[in-house]
Amino acid sequence: MHKIGMGLIGPGFVGAHHIDAVRRLGFVDVVAVAASSDASARRKAEALGVPKAYGSFEALIADPDVQVVHNTTPNYLHGAVIMAALARRKHVISDKPLAMTGAEARQLWEAAANAGVVHAVTFNYRGNPLVQHARELVARDEIGPVHFVHGAYLQDWLLEATDFSWRLEPEKGGQSSAIGDIGSHWCDLVQHVLGQRIVEVLADLTTVVETRMKPASSPEAFARGDGAREPFTVRSEDLATVLMRFDGGAKGSMSVGQVCAGHKNDLWFEANGRKASLRWRQEQQNELWIGRRDGANGMLPKDPSLLNEAARPYAHLPGGHQEAWADAFRNVMRDVYAFIASGRRPDEPRPPAFATFEDGYRAAVIVDAILESHRRGGVWTKVDSLIEART
Ligand SMILES: NC(=O)c1ccc[n+]([C@@H]2O[C@H](COP(=O)([O-])OP(=O)(O)OC[C@H]3O[C@@H](n4cnc5c(N)ncnc54)[C@H](O)[C@@H]3O)[C@@H](O)[C@H]2O)c1
């Protein structure tokens, strides 16, 4: 069978998981990695067992064996990497957030659509079987019209003043930190499950750790850096509360923070409908809570024999055999690469876990609106609906 060649730019924390996920598909060849220098690219290629190493992203993109470019660089490089890949008509799978601003995300989405290539953003929580099950329950009206969706995405890896990431530097991470980094996942996830878009937000953002000790060399995410440090004044938020209104009438609220001790990757949401409620929590991702008024509440286990047809292809092990973060990530890659392998055009119908640059744009304009709401003192702010002009 002809294998699809992939090359990855930015082999850091999440890059390694992109490589692991595509290797598990069986029909993708990991051809090359590109890092910020020849030496670091060679080191990463060796550690990851990848044959070719490039010290510049342009060189990787020019490699004729690379058909699909994965972009796992820090946020500020996303635009340049994606535009270079599109110029050579390579398919692009970018990590989130797609871009630094909604305007930049829109440019990337339009450029990708014009290039006629497949474009994807790894909103990987869509790849969980019980997320797809919940989505199907909502779509089939089994919980009734949803009037409230609420939840949180909390972590603690930036709690101490010595914790540091490029995400906190606006020129590298963007104007937003916690919202752009993890709030964007929450927003994409609930819009995906509800089939409703967030159209207005009211936000209160906080910087809990105002001065951090920045290491001389930038550590990868979740790593504790050692060595020399200098004080760094933080201007972006590490904690946020946001109220939201959806176009289908639902109201919502989300709490986002990376300074919440004990919470590691605590993403959860609950949707309350007129017939029933649903709750899914990433850290207990093999269970879906179903709440009822006139019957017993229940906990649905991730068991393929109990899942609806839409969700079954996302589960690979029998009930009681736990599936997790990396499996959902692989499901997203499976959906995208199966689409590429089938030769379908980018505008043809896609499997549900496959988020596109359009979804990346939708998330980016929500981040912009949240920042704007806070800047204006916490007032209701419309999410830019330029998107309507296209669709
Ligand atoms: N989907 C998810 O759940 C998820 C999880 C983590 C990170 N991310 C996203 O992935 C991206 C990377 O995040 P990370 O945590 O892996 O960061 P990281 O700092 O661990 O890795 C980034 C890598 O890019 C490399 N790099 C820097 N400049 C480069 C250049 N000019 N050319 C090539 N490589 C370069 C760095 O050396 C590093 O290896 C971010 O956009 C982040 O938001 C997504």
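Here goes a summary of the coordinates provided. None of these values were measured; they are calculated from a predicted model.

Attention now moves to the site of the ligand. With respect to spatial proximity, 27 residues lie near the ligand, and among them N75, D95, K96, N124 and R167 are the closest. Separating an oxygen atom of the ligand from a backbone N or O atom of T73 is a distance of 3.3 Å. One of the backbone N or O atoms of T122 is found 3.5 Å from a nitrogen atom in the ligand. Summarising the interface, the protein chains cover 88% of the accessible area of the ligand, which totals 850 Å² for the free molecule. Each residue belonging to the shell around the ligand can be placed in one class, and the counts come to 12 nonpolar, 10 polar and 5 charged.

Here we come to the sheet that holds strand β3 (residues 52–54). Strand pairs in the sheet, formed through backbone hydrogen bonds, run parallel or antiparallel to each other. Within the open sheet, the 6 strands sit side by side as β3-β2-β1-β4-β5-β6. Their pairing is parallel. The sheet is open, and its two borders are formed by β3 and β6 (119–121), each paired with just one other strand. Put simply, the sheet's adjacent strands are angled 20° from each other on average, direction ignored. Bridge count for strand β1 (residues 4–9) against strand β2 (residues 28–34) is 6 bridges, and the pairing is parallel. From the neighbouring strand, M6 faces β2, where its bridge partner is V30.

Moving on, we come to the environment of R344. Looking at the secondary structure, you find R344 in the loop between α9 (325–341) and α10 (357–375). Residue R344 is classed as partly exposed on the basis of its relative accessible area, which comes to 31%. Each C-alpha atom of the pair R344 and V118 lies 8.8 Å from the other, and the pair is 226 residues apart in sequence. Not counting residues within four places of it along the chain, the set of residues in contact with R344 comprises A338, F339 and P349. A distance of 2.8 Å separates a polar atom in the side chain of R344 from a polar atom in the side chain of S342.

About the cut-offs
Residues numbered from 1 in each chain as written. Predicted model: local features only at pLDDT ≥ 70, side-chain atom pairs only at ≥ 80, totals over all residues. Heavy atoms only, no water. Near = heavy atom within 4 Å. Polar contact = N/O pair within 3.5 Å; in protein donor to acceptor, adjacent residues only side chain to side chain. Areas by Shrake-Rupley, 256 points an atom, 1.4 Å probe, with all protein chains shown as cover. Nonpolar A, V, L, I, M, F, W, Y, C, P; charged D, E, K, R; others polar. Pairing = 2+ DSSP bridges. Helix = DSSP H or I, 4+ residues; strand = E, 2+ residues; numbered from the N terminus. Axes fitted to C-alpha atoms, helices over the stretch in contact; angles between N-to-C directions. Buried < 20%, exposed > 50% of the residue type's maximum accessible area, 1.4 Å probe, protein only. Contact = heavy atoms within 4.5 Å.

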